[in-house]
Number of protein chains: 2
Amino acid sequence: MAVFLNDRFLDDQDAQLPIADLSIQRGYAIFDFFRTVHARPLFLEDHLERFYASAVAMGLAIKQHPDELQAILLELIEKSALQEAGVRLMLTGGNSPDGFSVADANLLLSCKPVQTADAATFSRGIQVLSYEYQRDLPHIKSINYQMAIWLQPFLKEKKADEVLYQQNGVVTEFPRANVFMVAKDNTLLTPAKAVLAGITRKKVLALAPKIMSVTERDISITELENAAEVFLTSTTRRLLPVVRVNGKTIGAGEPGPFTRRLYAQFLTLEKEMVG
Amino acid sequence: MAVFLNDRFLDDQDAQLPIADLSIQRGYAIFDFFRTVHARPLFLEDHLERFYASAVAMGLAIKQHPDELQAILLELIEKSALQEAGVRLMLTGGNSPDGFSVADANLLLSCKPVQTADAATFSRGIQVLSYEYQRDLPHIKSINYQMAIWLQPFLKEKKADEVLYQQNGVVTEFPRANVFMVAKDNTLLTPAKAVLAGITRKKVLALAPKIMSVTERDISITELENAAEVFLTSTTRRLLPVVRVNGKTIGAGEPGPFTRRLYAQFLTLEKEMVG
């Protein structure tokens, strides 16, 4: 692991935050996460743009100019000596004297080995359960995953791979991924409201119009359960087919043709960017 | 400050958590907080009971038996050499290898100087604004205060002291305090659903029946705005009068007679416990 805190690189054993930090005291922090391929960052500009936007929305200031932060990140990746890495950018509410007020933000960057979803997982697809919940401030990539982690024993018991949040019958997103469906008329649909603007989501929305019509709109859970195809998008999992929703089989219960084509397009784009 | 982590007391400069800790990675942790008076813990049994209950509800295990934890806390208070202290018990999701799965919980205890609300603040009372929001898993004392901290600039702009959460017109609680009202028929009311079981709230509910009738039930924001008296309860602020709600003056705009009597009763109880 390679770690950078505020203004310097740290040894692994020093990769700590003071207990006065507002992430520890009050769960107040934002982050972002990108992958490297052949030691080159994937979609770095998009991730930096979102990281700075999250900071503004949370009332936290990043001292570094984006160019400076980018240079630090490239040095961090080099120091890690990793080819395929996950890089986490984190900005916390700082070392708060009273444990509640926002102080000077702590910037924490770390670079670790990462595993992406493999071909077997793609072929098998995943099973999801929907759950009534709406994330707070969904447009901000904050560290608030309390509900997602709290739900893990429930998912395990139900033998589901992922939880999909819904609110009043309308699906929004997974805790760490966006949701897409292919309707029976071959339109690609994804929710636009109350979701995080995923970077893989953005890329799929840019790629898909070449092969199908695309609409961003509310999707009901019933609509999703009756979709021709469903998949999720995320940085570590790219596109991953969903083959069951609330126990109902989607399409033929295997990755659908549009999901396969979009996945192939995404892999091509990834290769173009960092290949 | 005196600090204890898992199995040992730490020096101030070592009071840190590894960045893999799930509080830093995902805001996943619980805590509790009590005061000492003359170096003696106030309502310690109640706080310990709630701390263990929060741990169970969050799926986290506390290694120590309550008696053992109590002994460590007493040693911590002694080491701090503080008479009036705030003691924070925290239990996190642990050092998570993948930054998402719950690991062996980290237990973090700290003892710092604390200030309670003074007589001038009591006499002046506070102004509150209501805001549409419901905390996740409200019965658990978790570190999720994202919304409360995010709202601070808004409160400052509106010159309000505190935000009061409401959901569909029904008030629940403050981010760090419970709410009470005295109705025009002299009944003491406080919400019972979707709130944290505050320890000061519990004490007030035990004391009040000597002087008035008490009902735990839903309270609408309109009812609250038209109350004879409103006050909050919290560990650091004991009972604190609310003199304005959403710009509407409560009663005579000063601490009401029942609030004063309950406050006096509470101070007596506090003295009995630790005097």
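Scroll up to find the structure.
Only a predicted model underlies this, so the values are computations on that prediction, with no experimental measurement involved. (Residues numbered from 1 in each chain as written. Chains lettered and ligands numbered in written order. Predicted model: local features only at pLDDT ≥ 70, side-chain atom pairs only at ≥ 80, totals over all residues. Heavy atoms only, no water.)

Student: Before we go on, may I ask you to explain the pairing of strand β17 (residues 238-245) of chain B in this structure?
Tutor: As a general feature of sheets, a regular strand has side chains that alternate between the two faces. All names here are of chain B. Most of β17 is tucked away: seven of the eight residues are buried. Note: strand β8 (residues 126-132) against β17, three bridges, orientation parallel. Across the sheet, the residue bridging to valine 128 is valine 245, located in β17. Examined bridge by bridge, strand β16 (residues 229-234) and β17 share five bridges and lie antiparallel to one another. (Buried < 20%, exposed > 50% of the residue type's maximum accessible area, 1.4 Å probe, protein only. Helix = DSSP H or I, 4+ residues; strand = E, 2+ residues; numbered from the N terminus. Pairing = 2+ DSSP bridges.)

Student: So what exactly am I meant to see when it comes to the interface of chain A and chain B here?
Tutor: Interface size, as often reported, equals the accessible area lost upon joining of the parts. Contact residues are listed per partner, giving 40 residues for chain A and 40 residues for chain B. Sorting the residues of chain A by area buried against chain B places Ile19(A), Phe100(A) and Gln146(A) first, and these three jointly supply 21% of that buried surface. If you look at where chain A meets chain B, you find zero salt bridges. Here chain A is connected to chain B by 17 residue pairs in polar contact (both at pLDDT 80 or more). Within the side of chain A that touches chain B, the residues separate by chemical class into 26 nonpolar, nine polar and five charged. As judged from the three bridges shared by strand β3 (residues 16-18) of chain A and strand β3 (residues 16-18) of chain B, these two strands associate in the antiparallel manner. Directly across from Pro18(A), in β3(B), lies its bridge partner Gln16(B). (Contact = heavy atoms within 4.5 Å. Buried area = accessible area lost by both parts, 1.4 Å probe. Salt bridge = Lys/Arg side-chain N within 4 Å of Asp/Glu carboxyl O. Polar contact = N/O pair within 3.5 Å; in protein donor to acceptor, adjacent residues only side chain to side chain. Nonpolar A, V, L, I, M, F, W, Y, C, P; charged D, E, K, R; others polar.)

Student: I keep staring at the relation of the copies chain A and chain B and nothing clicks. Help me out?
Tutor: Of the two same-sequence chains, chain A is brought onto chain B (RMSD 0.0 Å, axial shift 0.0 Å) by a rotation of 180°. Taken together, the turn and the small shift mark the pair as related by a two-fold rotation axis. Every residue of chain A has its C-alpha some distance from the rotation axis, and the shortest such distance is that of Gly27(A), at 2.2 Å. When the interface residues of chain A are mapped onto chain B, 100% of them again lie at the interface, so the same face is used by both copies. (Least-squares fit on C-alpha atoms with pLDDT ≥ 70 in both.)

Student: Is there a simple way to explain the layout of surface pockets in this structure?
Tutor: Over the atoms, a rolling probe the size of a water molecule traces out where space has been left empty. Estimates place the volume of the second largest pocket at around 900 Å³. Around the second largest pocket, the lining is made up of 42 residues, and of these Arg26(A), Asp98(A), Phe33(B), Arg176(B) and Thr236(B) lie nearest the centre. Looking at side-chain class alone, the lining of the second largest pocket contains 16 nonpolar, 15 polar and 11 charged residues. (1 Å grid on protein atoms, 1.4 Å probe; cavity = no way out; pocket = protein on both sides within 12 Å on 5 of 7 lines; lining within 4 Å. Points joined across faces, edges and corners; volume = space filled by probe spheres on them.)

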